Protein chains: 2
Amino acid sequence: MRIEAVDLFYLAMPEITDEGDSSQDALLVRVAAGGHVGFGECEAAPLPSIAAFVCPKSHGACHNVGDPVLGAMLDGPDDIARIARRITWESMDLLQAAHTWSGVEMALWDLLGRAQGAPAWSLLGIPRSGRRTPYASALFGPTPQETLVVGRAQRAEGFRAVKFGWGPIGRGSVADDVAQLHAAREGIGEDAILLVDAGQIFGEDVEAAAARLPALEAVHATWFEEPFAGHAYEAYAALARHCRGVRLAGGEASHNAHMARHLMAFGGVGFVQIDCGRIGGIGPARRVAELAAGRGVTYVNHTFTSSLALSASLQPFADAADGALCEYPVQLKPLARAFTANRILRDADGMLAAPDCPGLGIDIDWDAVRRYLVETEITVEGRVLYRTPKV
Amino acid sequence: MRIEAVDLFYLAMPEITDEGDSSQDALLVRVAAGGHVGFGECEAAPLPSIAAFVCPKSHGACHNVGDPVLGAMLDGPDDIARIARRITWESMDLLQAAHTWSGVEMALWDLLGRAQGAPAWSLLGIPRSGRRTPYASALFGPTPQETLVVGRAQRAEGFRAVKFGWGPIGRGSVADDVAQLHAAREGIGEDAILLVDAGQIFGEDVEAAAARLPALEAVHATWFEEPFAGHAYEAYAALARHCRGVRLAGGEASHNAHMARHLMAFGGVGFVQIDCGRIGGIGPARRVAELAAGRGVTYVNHTFTSSLALSASLQPFADAADGALCEYPVQLKPLARAFTANRILRDADGMLAAPDCPGLGIDIDWDAVRRYLVETEITVEGRVLYRTPKV
């Protein structure tokens, strides 16, 4: 098949807030080849990502993302890898390229799977998609009592694993955080998995982060996520040396497989969290999953938007042991729920799995796309390089 | 002073080729505050960089670059650092932000220097700008004989240091490369500094790169640049263990100070090459120069475009020892020569220094800007977010 068209749809909520909630807008990708279509989603700022798809060439190592995709052959996973290598080389100096390509790459796996009647995970060579234990992501409440209530509510929703993050953690005293951590544990009960996300609050301050470790160990937290800036490998490694039961987690910002490898090799994390909408898609995410397995590091998806992104993010570790953790966004904005025609839901046992359907198994609700579509146009020297496609 | 305006000018040659020559287009930045102006240049794809300056917010950690700059106070270097911190945090998920901000940051130093009648290097606390030994960057010829001729020509131009790169290196046999390296040495003579740039050709193949080391040692090459992909720290470290006289060089793609630190800490390079138009401007480049000094690593600029970018790139290591190496682009496209009204040239001794003038010391030729200007417009929901400014 020859790739005939790639369409980018910029969707947004009518109002975007300063919440750390990336489901407020979306860049949906549709690829067409050989009478089939495939869909993907960039976890990225839509306008610069569109610009990276259509921009005029700057030089031999600063090409746009569109040219190597449009017209390329797509008959198997090797073709996706080949286009990826070309983009790595020819878009070396275009920083935004990785985010743009991520959504396109997903769409190619989806299209290929639909054309061959096979789930994307089976195209990756995975014989069977395992069941994941979804964890609910919640924010710490402003007070320990409110955190406790949040924890109880997530358990009532049937979650056996809950992540608390951001909010007051690291902003007040150690005693304040100790109280929050104990409230979180009390809220979810002794038998649930407790995950803690510091949202990079400690920058590179190992001592401040280490002061929270005794409480994290006392409440049996499974992981301590992003205590530091994403690139602060040395701080991660220093803190990892203090950890007994709790392990460090990070990696969501990785925009190539190297970054994730470095966080494991130099940062000593026990969990590596990959967003397929940023790392360059499903292919490099799969390589990270394999690397992690070889190192005794646990691979987990990072997903904070639609079921399309969630399906893509579940593919690379579909062969993980049954019951392994996965992130499951529970507080999406209406946009991110609406634009997929079907959604990935927990089964009767509260477990989650990548769809056992061709491709990524997610269809698009075009009425919803139309409702949230952001009309956009980019012209250079009078030539329209991008205009929102007709839906 | 309050920052009143930031204007972005996209310039391009009428035809862009696939050469690895990034002087074929430019994104010029003009900042205005308190009756003064300042200029900077992004080493980046212009259209996605403009989009990253104006794009609508996606969420709390995915803001555009423009909002924290426009209207901000600018009375000293601390203000630049404050805006940089805000962008690091609020544009965390906007990959292209670092490239856009790099040019804006330079322009803020320029403006501040002009307003205070002080060179940017003196605002960095550097008492005196030293003289650099500029090296000429050339390509290996298709044959050793042609390489020899190129080397002689650069010596005839008065260069005491010459870098040969790309072309056939790593693409044929070890014997082919040995012949090229000896021709390069013969061309420039025994007394000149020889630098070799492999242009990432060996990927992560340490053995292939190591096979070239004996010849590099034999011809007394000072550095072996980018043998591997920029993120292949492990390969760098493995090769560094084989080096005797020659040292590894890299770092031009760093889009934050962390990446440069990692290449030193985990890659074992002896030279760290920083482009101020990518790393986030002069501030983070200065931090890398200080880190490098503390580690016994030699800081060198990476510059392949105008005198404006060259001036910015000379500031962070203006206090290096007299005679230290600097990159000096010698084969610029007409655009990159034309749009600055003055240029940084070698002195009578063939040496180079950052201008001893307020700010970056480079003025703009607005007639040339007009000649190369690329008319661009970005509209979102009928609102013009960007239109090429009137010159």
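Procedures and definitions
Residues numbered from 1 in each chain as written. Chains lettered and ligands numbered in written order. Predicted model: local features only at pLDDT ≥ 70, side-chain atom pairs only at ≥ 80, totals over all residues. Heavy atoms only, no water. Buried < 20%, exposed > 50% of the residue type's maximum accessible area, 1.4 Å probe, protein only. Helix = DSSP H or I, 4+ residues; strand = E, 2+ residues; numbered from the N terminus. Contact = heavy atoms within 4.5 Å. Polar contact = N/O pair within 3.5 Å; in protein donor to acceptor, adjacent residues only side chain to side chain. Phe/Tyr/Trp six-rings, centres within 6.5 Å; stacked < 30°, edge-to-face > 60°. Lys NZ or Arg CZ within 6 Å of the ring centre and 35° of its normal. Domains from an automatic or database assignment. Buried area = accessible area lost by both parts, 1.4 Å probe. Salt bridge = Lys/Arg side-chain N within 4 Å of Asp/Glu carboxyl O. Nonpolar A, V, L, I, M, F, W, Y, C, P; charged D, E, K, R; others polar. Pairing = 2+ DSSP bridges.

A. Representation of helix 11 (residues 257–265) of chain B. Most of helix 11 of chain B is tucked away, with eight of its nine residues classed as buried. Listing the buried residues of helix 11 of chain B in full gives Ala257, His258, Met259, Ala260, Arg261, His262, Leu263 and Met264 of chain B. Summarising the contacts, the buried residues of helix 11 of chain B are in contact with helix 10 (233–240) of chain A together with helix 10 (233–240), strand 8 (247–250), strand 9 (271–274) and helix 12 (282–295) of chain B. Capping the start of helix 11 of chain B, asparagine 256 of chain B holds a side-chain oxygen 3.1 Å from the backbone nitrogen of histidine 258 of chain B, two or three residues further along.

B. Representation of the packing of aromatic side chains within the structure. Under the defined criterion, the tally for this structure stands at 20 aromatic pairs over all chains. Put simply, the rings of Tyr233 and Phe266 of chain A together with Tyr233 and Phe266 of chain B pair up and form one aromatic cluster. Above the plane of the ring of phenylalanine 317 of chain A lies arginine 132 of chain A, whose end atom (NZ or CZ) is 5.2 Å from the centre. Over the ring of phenylalanine 159 of chain B we find arginine 346 of chain B; its NZ or CZ atom is 3.8 Å from the centre of that ring.

C. Quick look at the domain arrangement of chain A. Residues and elements named next belong to chain A. Taken domain by domain, chain A holds domain 1 (3–119 + 365–387) and domain 2 (133–338). Using only C-alpha atoms to locate each centre, domain 1 and domain 2 end up separated by 28 Å. The interface is formed by 28 residues belonging to domain 1 together with 24 residues belonging to domain 2. Roughly 2000 Å² of surface becomes buried between domain 1 and domain 2 when both sides are summed, with 63% attributable to carbon and sulfur atoms. Linking domain 1 to domain 2 there are three salt bridges. The interface formed by domain 1 and domain 2 holds ten residue pairs in polar contact (both at pLDDT 80 or more) in total. Those elements giving two or more residues to the side of domain 1 that touches domain 2 turn out to be strand 1 (3–12), strand 2 (25–33), strand 3 (36–42), helix 4 (97–116) and helix 15 (366–372). The greatest single-element share of the side of domain 1 that touches domain 2, amounting to seven residues, is contributed by helix 4. Here the residues of the side of domain 1 that touches domain 2 sort into 13 nonpolar, seven polar and eight charged.

D. View of the interface of chain A and chain B. Each partner contributes residues to the interface: chain A has 61 residues there, and chain B has 61 residues. Of the roughly 4800 Å² buried between chain A and chain B on both sides combined, carbon and sulfur atoms contribute 59%. Counting every contact that joins chain A to chain B gives six salt bridges. Among the ionic pairs, aspartate 18 of chain A bridges to lysine 57 of chain B, the shortest N-O distance being 3.3 Å. Seen at the junction of chain A and chain B, the total is 22 residue pairs in polar contact (both at pLDDT 80 or more). Those elements that place two or more of their residues in the side of chain A that touches chain B are helix 1 (46–54), helix 4, helix 10, helix 11 (257–265) and strand 12 (376–380) of chain A. For the side of chain A that touches chain B, the leading source of residues is helix 1 of chain A, giving six residues. One ladder, built from five bridges, connects strand 12 of chain A with strand 12 (residues 376–380) of chain B; its direction is antiparallel. Bridging from a neighbouring strand, isoleucine 378 of chain A pairs with isoleucine 378 of chain B of strand 12 of chain B.

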